[in-house]
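Structural overview
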Amino acid sequence: EDQVTQSPEALRLQEGESSSLNCSYTVSGLRGLFWYRQDPGKGPEFLFTLYSAGEEKEKERLKATLTKKESFLHITAPKPEDSATYLCARRQGTDKLIFGTGTRLQVFP
Amino acid sequence: GAVVSQHPSRVICKSGTSVKIECRSLDFQATTMFWYRQFPKKSLMLMATSNEGSKATYEQGVEKDKFLINHASLTLSTLTVTSAHPEDSSFYICSARTSGSNEQFFGPGTRLTVL
């Protein structure tokens, strides 16, 4: 069964302190790796989709990368407003997304 | 673009009553809509997938007679929780995808509390 594992479960950073979040997945025909941001009490907000090893995508302070067995979400010089839960998901079959349990990021001023 | 709304955002109901949650794609046609459930500090669990004009496909362990899904148009899907009980209390989130796209766009969620 396809699985997605995220680490760390929680991360506390000082403003400006860069770091990376990890998402590892079972290797069985990846058909898309997705990153979402979720604020408390809200629905997930789409960030990136990656399809093949070596692919990278950027948006403001966030950069997502993909290898054959994991993806990283790099956060450069984070700000307090970057505090959220970051979810990754892999596509299974035609439509289904399998989500990880997320990394809760807190950025302190 | 790609905005999905849900209504209501919060609902409190008595045990035994039914609750309907609406999910709308505001600026695109959603050929496929998804309903998820999320428990506190847990990830999203897919409940069902619905294609416009077709019966929903439910995930294993999800009671289709309890969670009725209707996807009557390309912009609206509804989830009805029938005879709700306290264990149905949760955060319900819908998402929508348009034909030819891989990305799902999520609604803001509905917090259901059953007393």
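Higher on the page you've got the structure.
A few points on the structure.

Reading the values: rules and limits
Residues numbered from 1 in each chain as written. Chains lettered and ligands numbered in written order. Predicted model: local features only at pLDDT ≥ 70, side-chain atom pairs only at ≥ 80, totals over all residues. Heavy atoms only, no water. Phe/Tyr/Trp six-rings, centres within 6.5 Å; stacked < 30°, edge-to-face > 60°. Helix = DSSP H or I, 4+ residues; strand = E, 2+ residues; numbered from the N terminus. Buried < 20%, exposed > 50% of the residue type's maximum accessible area, 1.4 Å probe, protein only. Disulfide = S-S within 2.5 Å. Contact = heavy atoms within 4.5 Å. Buried area = accessible area lost by both parts, 1.4 Å probe. Salt bridge = Lys/Arg side-chain N within 4 Å of Asp/Glu carboxyl O. Polar contact = N/O pair within 3.5 Å; in protein donor to acceptor, adjacent residues only side chain to side chain. Nonpolar A, V, L, I, M, F, W, Y, C, P; charged D, E, K, R; others polar.

**Describing the packing of aromatic side chains**
- Counted under the stated rule, the structure contains nine aromatic pairs over all chains.
- Each ring, one from Y36 of chain A and one from F46 of chain A, has its centre 5.8 Å from the other, and the planes form 70°; the classification is edge-to-face. Here the residue Y36 of chain A occupies a position in strand 4 (residues 33–38), and F46 of chain A occupies one in strand 5 (residues 45–50), the gap between them amounting to ten residues.
- Arranged with centres 5.1 Å apart and planes meeting at 90°, the rings of Y36 of chain A and F106 of chain B form a pair that is edge-to-face. Taken together, the positions of Y36 of chain A in strand 4 and F106 of chain B in strand 10 (residues 105–106) put the pair across two chains. Across this residue pair, the class does not change: Y36 of chain A and F106 of chain B are buried.
- Here the aromatic residues Y36, F46 and F99 of chain A together with F28, Y36, F105 and F106 of chain B are joined through ring pairs into a cluster of three or more.

**A word on the state of the cysteines**
- Applying the stated criterion across every chain yields a total of two disulfides over all chains.
- The residue that forms a disulfide with C23 of chain A is C88 of chain A, at a sulfur-sulfur distance of 1.9 Å. Disulfide C23 of chain A-C88 of chain A: the torsion about the S-S bond is 75°, which places it as right-handed. With C23 of chain A in strand 3 (residues 19–25) and C88 of chain A in strand 9 (residues 84–92), the pair connects residues that are 65 residues apart, well separated along the chain. Each member of the pair, C23 of chain A together with C88 of chain A, is buried.
- One disulfide bridge connects C23 of chain B with C94 of chain B, the sulfur atoms lying 2.0 Å from each other. Taking the sign of the S-S torsion, 80° for the link of C23 of chain B and C94 of chain B, the bridge is right-handed. Remark: C94 of chain B occurs in strand 9 (residues 90–97) and C23 of chain B occurs in strand 3 (residues 19–25); sequence separation between them is 71 residues.

**Thoughts on the interface of chain A and chain B**
- Taken residue by residue, the interface counts 19 residues in chain A and 20 residues in chain B.
- Between chain A and chain B the total buried area reaches about 1600 Å² when both faces are included, carbon and sulfur atoms providing 53% of it.
- The interface formed by chain A and chain B contains one salt bridge.
- The interface formed by chain A and chain B includes eight residue pairs in polar contact (both at pLDDT 80 or more).
- Within the residue set of the side of chain A that touches chain B, elements represented by two or more residues are strand 4, strand 5, strand 9 and strand 10 (96–99) of chain A.
- Of the residues that constitute the side of chain A that touches chain B, the class distribution is eight nonpolar, six polar and five charged.

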